[in-house]
Amino acid sequence: MIKGKSDKAYQGVCAAVAIIFALICLYPLLYTVFLSFCTEKEWLSSSGAIWYFPKRPTGAAYVKILGSTGVVLRALWVSVERTVLGTVLGLIVNVLAAYALSRKDLPGKGVFVKIMLLTILFSGGLIPTYLTIQSTGLIDTVWALVIPGLFSAWNVLILKQFMEGIPRELEEAAEVDGVSTVGKLFYIILPMSKAVLSAICMFTIVGHWNNWFDVSIYIKDPKLWTLQYYVKINFDNTAGLDQGKLDFLIGQGSAVSSITMKMALTVISVVPMLVIYPFFQKYFTQGVYIGAVKG
Amino acid sequence: MTDSKVLALSANAAPRKRAFREKFDSSPNILRGGIAAVCAFAALLLLVAAPIFTFGDESVSLSVSMGFFGLLKALAGGGVYEVQHSEFGTLGVTVSVAAIVLVLITATVWLACFVLSVLCAFGKLGEKDRIALSAANFTAFAWQAVVFVVLIASKSVKAQNIYGEETAFYRTFSLTATYLVCVLLSLVAGGCSLGVNGRNVKNVRRYKLMYLFLLPAAALVVVYNLYPMLLSFCLSLKDYVIADGIWGSVWVGFKNFKTIFVDPDMLRIIGNTILISVLRMVISIIPPIILAVMLFDMGARKVRKGIQTIIYIPHFFSWVVVYAIAYAFVNPDGLINNVVNGNVQILANEGTFIPLLLITDLWKECGWGTILYMAALTNVDPSLHEAAAIDGAGPVKRLFKITLPSITPTIVFTTVMAVGNLLKGAGYEQIMLFGSDIMKSAQVIDTWVVWRGLQRLQYGLGAAVSFFQSFIGMLMVIGCNALSKRWVGVSLY
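For every chain, the first residue of the written sequence is number 1, and numbering continues from 1 along that sequence. Chains and ligands are labelled by the order in which they are written, letters from A for the one and numbers from 1 for the other. Thresholds applied to this predicted model are a pLDDT of at least 70 for local features of residues and 80 or more for the giving and counting of side-chain atom pairs; totals over whole chains, interfaces and linings are not thresholded and use all residues.

### Looking at the overall build of chain A
In this text, helices come from DSSP runs of H or I with a minimum length of four residues, and strands from runs of E with a minimum of two, each type numbered from the N-terminal end. Within chain A, the regular secondary structure consists of 15 helices and zero strands. For chain A, buried positions account for 39% of its 295 residues. Contacts here follow a simple rule: the backbone-placed C-beta atoms of the two residues must lie within 7 Å. Looking at chain A alone, contacts between residues at least 24 apart form 71% of all its contacts between residues at least 6 apart. Partly exposed residues are those whose C-beta has more than 12 but fewer than 20 other C-beta atoms within 10 Å; 20 or more makes a residue buried and 12 or fewer makes it exposed, with C-beta atoms placed from the backbone.

### Quick notes on the interface of chain B and chain A
Listed as interface residues are 80 residues of chain B and, on the opposing side, 78 residues of chain A. Broken down by element, the side of chain B that touches chain A gets its largest block of residues, 17 residues, from helix H9 (residues 208-236) of chain B. Here the term charged refers only to Asp, Glu, Lys and Arg, the term nonpolar to Ala, Val, Leu, Ile, Met, Phe, Trp, Tyr, Cys and Pro, and the term polar to all other amino acids, Gly among them. Within the side of chain B that touches chain A, the residues separate by chemical class into 59 nonpolar, 17 polar and four charged.

### Digging into the domain arrangement of chain A
Segment limits for the domains were obtained from an automatic or database-derived domain assignment. Assigned domains of chain A: these are domain 1 (5-58) and domain 2 (69-249). Placing a centre on the C-alpha atoms of domain 1 of chain A and another on those of domain 2 of chain A gives a separation of 36 Å.

### A look at the nonpolar core
Most often, soluble globular proteins keep nonpolar side chains buried together rather than apart. Joined through C-beta atoms within 7 Å, a set of buried Ala, Val, Leu, Ile, Met, Phe, Trp, Tyr and Cys residues constitutes a nonpolar core. Ranked by size, the top nonpolar core spans 194 residues in total, and within it Ala97 and Val156 of chain A together with Ala36, Ala40, Cys113, Leu295 and Tyr323 of chain B carry the most contacts. Apart from residues no more than four positions distant in its own chain, Cys113 of chain B is found in contact with Ala36, Ala40, Ala136, Asn137, Ala140 and Ala189 of chain B. Phe413, Val416, Cys480 and Leu492 of chain B belong to the second-largest nonpolar core, a separate cluster that totals seven residues.

### Some points on the environment of Ser180 of chain A
With respect to the secondary-structure elements, Ser180 of chain A resides in the loop between helix H9 (168-176) and helix H10 (181-192). Among the residues examined, Ser180 of chain A registers 12 C-beta atoms within 10 Å and is labelled exposed.

### Notes on the packing of helix H3 (residues 68-76) of chain B against helix H4 (residues 97-121) of chain B
The description of two helices packed together rests on the angle between their axes and the distance between the axes. All names here are of chain B. Two elements in contact, H3 and H4, have axes separated by 10 Å at closest approach and are oriented at 135 degrees. By the angle between their axes, H3 is oblique relative to H4. Handedness of the crossing formed by H3 with H4: left-handed. Facing H3, whose interface residues are Leu71, Ala74 and Leu75, H4 presents Val97, Ile100 and Val103. The residue makeup of the contact of H3 with H4, split by class, is six nonpolar, no polar and no charged. Axes here mean lines fitted to C-alpha atoms, for a helix over just the part in contact, with angles spanning 0 to 180 degrees between N-to-C directions. For this classification, under 35 degrees means roughly parallel, over 145 means roughly antiparallel, 65 to 115 means roughly perpendicular, and everything else is oblique. In a left-handed crossing the near helix is turned counterclockwise from the far helix by less than a right angle, and in a right-handed crossing that turn is clockwise.

Following this line, the structure appears as structure tokens:
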């Protein structure tokens, strides 16, 4: 490719903008980490103007949050529980449905797909959903966070479309060899849909881990609060906190300032996402593209 | 029973079963007409034998159920039906003639369906008449749905309460579950008379296991998607009182919807929703396009990969975490206040609320927003760029002649879909975290449903607001999707 001066200048400008944007994305994260290691002395002496890694870092906030009370660990456990249950059961339900719907001559397929589209376009809304969850007895159980979201019309449509693209000859060959319906799913369909499955898996995990809204609606029992909701409560200064919530507040009477405690808590709540991110990164471009454009 | 006897019986049953099957496969009319006939018969039976209307008055907790014959008697008596009641003695319940006629027509439609189904089952119907059978059943469905809506929502159907005062029909009467079951039956009958044919019967038998696979999903859809939709519709026409429950609360017609369009607060909330949605739409479309083009044009593949990895990260954080990070910067003792050396109130402030929403949204989603455009850009044949460069096209010219046209379909699609999402696009999670229910600019449809509808127990009004939002939203998305399909050939489904 021939490159003139204007080309180089243009590329330079583009690179500069992209790198600056990446730094803007990165710095707030680092800043949060900086604050979480800050001592109260340093925080007070600089009166809040810490924009670099503290000179004398302390891990006291982390020790206190994870060590002294079981509250955060319990919230962490609830988060893990809902994420694992929701992802595993959700994948089972959606993969089975997509497998059935990927049969081209399944009677009733058209009706079911139309109903799925309806659930995408039209939702009952928060209040009817709340009443349904209430009348199925899920309020104040971890299942209220899991069951209503198990079926995802989007995921089924994406999986179905992918499975329909798998050459029919492969399945027919397997049938000749005497592989059963379930066997075909495990030996042919699933291995071939690995990329899509990984993308869906990633988004389900992230969705469950990050969801605090359903906890705020369906869960009143503090023992079932997830980590995200717990973080939210700790930043909530407008809500009137009753006695039940008080022992969930952190940062009182500790060696570090309350903002350091809060930031340490925030960092703890995002670490799991950062840990799984690299494993799924190569798949999600593909997943998003399939989901957003073709559907 | 001994084992040998069982064996003998089953040996005897098998050929008979097979013969039965073969007969079925050769003439699906029996099955088709049979199911439709059973449905029609069941619906007729329900209409005749079970109560159709419940007449009630909340003030004295009086309720009388009325079946088909009661209605006929009332018709004969000029609309008045005499009821024996343990507390009040003999009561005259007034039923409007219009209501009786509507139900009589329903019964007639069902009778026609039944006759047609029986004819079909005995193979007396040709191919065209069979289509007429399914049409008749679907007509029954549409008719019943219309009657249902007319009777529970219309003011023009009158009735009298026990004091003899004239009120709207829906205040004193409520259609019972009988009628809803009839509606469902007509759907089943219509579907079967349309869908049952030799090939389908064979396939259903072949795919037995597939239906088992579909069962969990179907059950979840019915319970957590379709049932809430029905509730949403019914609740929005009711004045919900907790003590009475969903089905016991009185119908109030379109009162809730009227409130939405008359109440100035409600109109302001809808306006605010659209304002925030439009701003977010601009933020979510234009910056990612610019960023994607620059990322693509910067060359240096390895650096680009690294940058992509970084800019996607914020998308995977929850709004809680984004709020926490924003809090670190803008809290009263935070970095921003130290830099500007003042005491600026940024959080929970009407003036800075919307800018704060937009900036945090930009930070969280801008990088992720590039992903679609990058996918479109990398699909462009690189030789196009090279050829243009050889022909002497500068970078700016190539940008407008090659790069932008290649992502135009994606841009049109995302824009059009964002327009379709205007009523839901305000981002309630973010607003609920950054704002509070006392802030005016934090009042959008979704937050109103949580703060006023759910938390202050205005379920009827809340459901009406959701229904309005969802219904208009659905029409807008369908319309916009059709536009996108027509303009650039990209569609959602």
